[in-house]
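What follows is the residue order along each chain.
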Amino acid sequence: MQFDRPATTNPIDRLKVVGQPIRRIDGQLKTTGRAMYAYEWHDTNTPYAYGYPVGAAIAKGRIKSIDISAAEKAPGVLAVVTAPEVGERKKGKFNTAKLFGGDQVQHYHQAIAVVVAETFEQARAAATLISVDYAEEKGSFDLRQAMDTAVKPASGDPDSGAGDFDTAFKAAPVTFEESYSTPDQSHAMMEPHASIAVWEGDELTLWTSSQMIDWWRSDLATTLDVDKEKIHLMSPFIGGGFGGKLFLRADAVLAAFAAKAAKRPVKVALPRPFMMNNTTHRPATIQRVRIGAQRDGKITAIAHESWSGDQPGGQPEAAVMQTRLLYAGENRMTAMRLATLDLPEGNAMRAPGEAPGLMALEIAMDEMAEKIGIDPVEFRIINDTQVDPEKTERPFSYRNLIGCLKTGADHFNWSARGRPGSRREGNWLIGMGVAAAFRNNIHFPSGARVRLNAEGVVTVETDMTDIGTGSYTIIAQTAAEMMGLTIDKVAVQLGDSRFPVSAGSGGQFGANCSTAGVYAACVKLREAVSQKLGFNSADVIFENGEVRSGNRAVPLAEAAGSKGLVGEDTIQWGNLTETHQQSTFGAHFVEVGVDVATGESRIRRMLAVCAAGRILNPVTARSQVLGAMTMGAGGALSEELAVDTRRGFFVNHDLAGYEVPVHADIPHQEVIFMDETDPMSSPMKAKGVGELGLCGVSAAIANAIYNATGIRVRHYPITLDKLIGGLPDVA
Amino acid sequence: MRAFTYERASSVEAAAKAAASNPEAKFIAGGTNLLDLMKLEIETPTHLIDINGLGLDKIETTADGGLRIGALVRNTDLAAHETVRRDYGLLSRALVAGASGQLRNRATTAGNLLQRTRCPYFYDTNQPCNKRQPGSGCSAIGGFSRQHAVVGTSDACIATHPSDMAIAMSALDAVVETAKSDGSRRSIPIADFHRLPGDTPHIETILESGEFITAVVLPPPFGGKHIYRKVRDRASYAFAIVSIGAVIQQDGTGRVAVGGVAHKPWRIEAADTELPKGARVTASALLADARPTEQNRFKIDLVERALGAVIAEARD
Amino acid sequence: MQSPIQLEISRRNLLISSAATIAVTGAATGEAVAQGARTSMQHMSKVSLSVNGESYNLDVDNRTTLLDALREHLHLTGTKKGCDHGQCGACTVIVDGRRINSCLTLAVMHDGDEVITIEGLGQPGALHPLQAAFVKHDGFQCGYCTPGQICSSVAVLEEIKANIPSHVTGDLTTQAAVTPAEIRERMSGNICRCGAYSNIIDAIVEVAGTKA
């Protein structure tokens, strides 16, 4: 199905199932421990062996020699596979640093060997017996030092602008300029990267934990140099990803090589202390924001520049993207510069670009509002735009940022916010902060197959993944709505490369695109049903388990017949994203308390208001936003991969050292969805919320801390050491 | 984790003897730190002596009105004990400020005292660390040192002792009772139990080979307000950046120990006497010889401010 | 819903309940055990465990954690390995009535102990009240930390009842109360990176019968 015109009325608009607060259909499996994740597939007749990875002990250099003799002789060891032995491999399209192969070390904990043994304990013990002689090379590990050597990236639209920023900024009655920084962050999903590889002849079956089945399959085929069709990949349950499982990872490659060498099915999981340097992370940024405005608050000039680093061949963290679209202003510029760093590969983490970009921009907006003397909610409303400010002929498809801000301010009792440092309750300094949320709506083609059987049950098959987002449930809702069924008559099978290729889970496009793909497949199935019954498909109604045309009504089960019927299609996207800017919007409101003595910041209240098209399921959508708010709390207050700039690695590489929020950090959170649809987005009229929910949260917290203390911190995370110097004397 | 043999000790004496006869043996109680380190081969015992079944899990009143806490009393049970809550609130508070409910259900009194530093370089076997590999160097000096010690450090090591419980034990003047393999016993004041790093940061306590802790004894209760203030980035399940354990009497006198600043629970008797004069003077006495890094210099201020809050709370 | 996932459940239930006592000889084949025996028999131990009311006799490597015994030997994979170092709580199980991190304890240390895992609390169609409340309040997303969260929450309510204090308990000499703040603090050893905390607390609070 080609989607190239705005959606009109369609069966989804009935909203009997779609849009309803339906509990997850995989909920009972997950809460009873019966959902099977990658490492857990078990066939009693299969003699699984265990692979344990070995990572490079240096950040950059070459493996001169690698001695595996002791490991090979260790009890239970079946095979040892080393990177020099497998040699240089072709790299997957989506990987920047190589995953395994050759004698070059590109970053700390890059996989250099895997030890296979009968048991996990044996493999782990033997892995430590491998000794490696390295020729270590000097690397570049410090973004601030490398800033001067950063270059304009060759691709990816690094610069943009409109009007004449420099002139307008100089002429503006009120100007503001500040620099900000955001640290490297880790996805830290709860399920470590894990794979089970089983070879049968030249065919490989891989159970893994992947957000993008087809990307993984293609890149694994490239890396192993085998035909893609020979690889069967399955990932029905994923224990979190946040972008960390978008691209093929070392566990899959190691498991495949290990299983080949050991001639046995092999299970490999990345040990937790290995993950943060072996896999990808959200790169640190240094950002500069300049804003010029009139005294009435209207922005006349806005500029946002960002510096980040990555491995050679990598990409910048696109922290300026939202600034191209979020606020009005005739004169503007953005720029990204990229330094080469020899730290582990930087890549997408939930809301790449916007998450760190808004961490800076939305503090800057708070600062500028104060400088002008306008309430920060009002300042944002004044500078709303209904068109792409860089290409003013391009309207937004639907934009209700103002509604989010106003609704949130009202609900949060924003008017009670006082002057910085003015509210104290006991030992707590209390403050409120606001930030806008913005994230684009992205489209990828998405396919699905829908089978109707003689029991009247519809089964959806697509390689779409559910990383906690609720894909199982919203896909079932979509099929149920389209076919006129209740949700218990729909079964959903996901994450299998035998199924049609979907958009996958990333960029908050999964929900809208994958359900649109299911919509398309259901349209085909409806046609098949109509055709079989001799109905004119234009006036056919699917409702209450029946298909009706005029005064004829046939139960779907009967229509299916003993052989059943199948519909399969892929949604393809026209140019509506070019003619119209499609984005999602929100506003975050936060209240914090800062301990007047110690500077510990604790969140007291959080509210997100989101405008993201039709909400397919308010239960799962709300959870996406809650989770994103929680991640934003971590980003504001504690999360930072500490770089050892001498040795070139992230030092705090486990869940004790890298502090993500715990229960005690998070208060009761509220989410409000604006009631809207976006017919430009898809037949579902939906957009995504999973990343929107993170965008701006950290800045709202930073602004609340400023309001509480009067101390402006521009370098995340906002830990107590950055506050105590400015707090009132207590001794 | 290296392969090891395993036995359940039948008595205190047998356990001590078994340990003395095998220099590569270790006792295991809760195992929450030892197994963590064995998985990374930072600890590599070839024999484990399980001392969980020796009946060392009792809490009894001593003849002079103090409290004898068995070495194997779990953190949860110690924190929940009626007498501890009533008379040694500081200890209860310190315990529940540490780790998580799950860990406290396993972790023991002796094991808590013996837990090793959480310095991330100690935990990464690719990195030089004098504590893990004597003579290899200290990576934290000049590296990531925000969490590290500011006082009592050496050029060989700036690691901290991570325990919360030990801070309370220090302020409460606990005495560690041990058994040696020759059958003899001794009592060690908590102040003498842990060592400063000096040139031998790998030797963390004064325990001898095979010697093991049987109990920790608290003196009779001395009243006052018991306050444990733990400062950390996240609100729970995190090691202290700084912690203050204090008992403060109505007249402002008292005793104070500080966590997160040194290789051992940090208690300076001279600082105790300054308590009535307030946080600034007391903190100065506590941290007189501090040698912070650029990254952890803030702890000097933080100790003073946290102590100020504790003293204010005691006055309420 | 009919799906391979559901078929998987029924197959597993069959496996789990097929015998009152099941002898399990390690994750590896018979050959592997023989090899283990040849190298050093005393590095292996026999352990009897009661898990969810079933008794099991296992031959385990002394190094095998309770977590790996459950997952790799008994194939009770509801208990999750998130960090293997006591830093996340995904492996939480209840042993002799107390919740612990099964990753930081050896199977060999639990001879004769009674273990309850997520599989023992309830099953699809017959959920434990807390499992049902987690579903109702959407107290999970990816589901990987969920078994640990639920096992922990079962124990947390018992711990409050048993008057075990927490970091946020006000007066140490009075009975601990069931409040959202108490539950949050006590649940803090169970990390949920999806960030379902707000809903998890709603679920637990509902079962505890107190107002959020």
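For the structure, see preceding data.
Residues numbered from 1 in each chain as written. Chains lettered and ligands numbered in written order. Predicted model: local features only at pLDDT ≥ 70, side-chain atom pairs only at ≥ 80, totals over all residues. Heavy atoms only, no water.

Novice: So what's going on with the nonpolar core? Residues and values would help.
Specialist: Counting 307 residues, the largest nonpolar core has A:V529, A:V547, A:I701 and B:I244 as the members making the most contacts within it. When residues of this core are assigned to domains, at least three map to each of domain 2 (44-121) and domain 3 (122-212) of chain C. In this structure, B:A18, B:A79, B:Y88 and B:V247 belong to the second largest nonpolar core, which totals 50 residues. (Core = buried A, V, L, I, M, F, W, Y, C linked by side-chain atoms within 4.5 Å. Buried < 20%, exposed > 50% of the residue type's maximum accessible area, 1.4 Å probe, protein only. Domains from an automatic or database assignment.)

Novice: Would you mind going over the interface of chain A and chain C in detail, with residue names and values included?
Specialist: Accessible area lost during the coming together of the parts is what is often quoted as the interface size. Taken together, the contact between chain A and chain C spans 78 residues of the former and 71 residues of the latter. Counting each side, the surface lost to burial between chain A and chain C is near 6,200 Å², with a carbon and sulfur contribution of 57%. A salt bridge links A:E40 to C:R71, with the nearest nitrogen and oxygen atoms 2.9 Å apart. Joining chain A to chain C, the criterion identifies 31 residue pairs in polar contact (both at pLDDT 80 or more). When residues of the side of chain A that touches chain C are traced back to their parent elements, those giving at least two are α1 (27-31), α4 (120-127), α9 (272-278), β21 (490-493) and α17 (618-637) of chain A. Considering each element in turn, the side of chain A that touches chain C owes the most residues, nine residues, to α17(A). The residue inventory of the side of chain A that touches chain C, partitioned by class, reads 39 nonpolar, 24 polar and 15 charged. (Contact = heavy atoms within 4.5 Å. Buried area = accessible area lost by both parts, 1.4 Å probe. Salt bridge = Lys/Arg side-chain N within 4 Å of Asp/Glu carboxyl O. Polar contact = N/O pair within 3.5 Å; in protein donor to acceptor, adjacent residues only side chain to side chain. Helix = DSSP H or I, 4+ residues; strand = E, 2+ residues; numbered from the N terminus. Nonpolar A, V, L, I, M, F, W, Y, C, P; charged D, E, K, R; others polar.)

Novice: Let's hear about the interface of chain C and chain B: which residues, and what values?
Specialist: Each partner contributes residues to the interface: chain C has 41 residues there, and chain B has 42 residues. Buried area between chain C and chain B, summed over both chains or domains, comes out near 3,400 Å², and the portion from carbon and sulfur atoms is 54%. Three residues, C:L104, C:M109 and C:L172, lead the burial of chain C against chain B; their summed loss comes to 20% of the area buried on that side. If you look at where chain C meets chain B, you find two salt bridges. A salt bridge links B:K39 to C:D84, with the nearest nitrogen and oxygen atoms 2.8 Å apart.

Novice: Kindly report on the packing of aromatic side chains, identifying the contributing residues and their values.
Specialist: Under the definition given, this model contains 21 aromatic pairs over all chains. An angle of 75° between the planes, with centres 5.6 Å apart, marks the rings of A:W414 and A:F589 as edge-to-face. Note that A:W414 is positioned in the loop between α12 (401-412) and β17 (424-425) and A:F589 in strand β26 (residues 583-595), a separation of 175 residues in sequence. Among the residues examined, A:W414 registers a relative accessible area of 5% and is labelled buried. Taking the relative accessible area as the measure of exposure, A:F589 reaches 0% and is therefore buried. With centroids separated by 4.7 Å and ring planes inclined at 50°, the aromatic side chains of B:F27 and B:F212 adopt a geometry described as tilted. Of this pair, B:F27 sits in strand β2 (residues 25-28) while B:F212 sits in strand β8 (residues 212-218), and the two are 185 residues apart along the sequence. Under the relative-accessibility criterion, B:F27 is labelled partly exposed at 21%. An aromatic cluster is defined as three or more aromatic residues linked by ring pairs; in this entry it consists of A:F94, A:W215, A:F247, A:F444 and A:F509. One Lys or Arg, A:K260, reaches over the ring of A:W199 and ends 3.8 Å from the middle of that ring. Note that A:K267 overlies the ring of A:Y39, its terminal NZ or CZ placed 4.6 Å from the centroid. (Phe/Tyr/Trp six-rings, centres within 6.5 Å; stacked < 30°, edge-to-face > 60°. Lys NZ or Arg CZ within 6 Å of the ring centre and 35° of its normal.)

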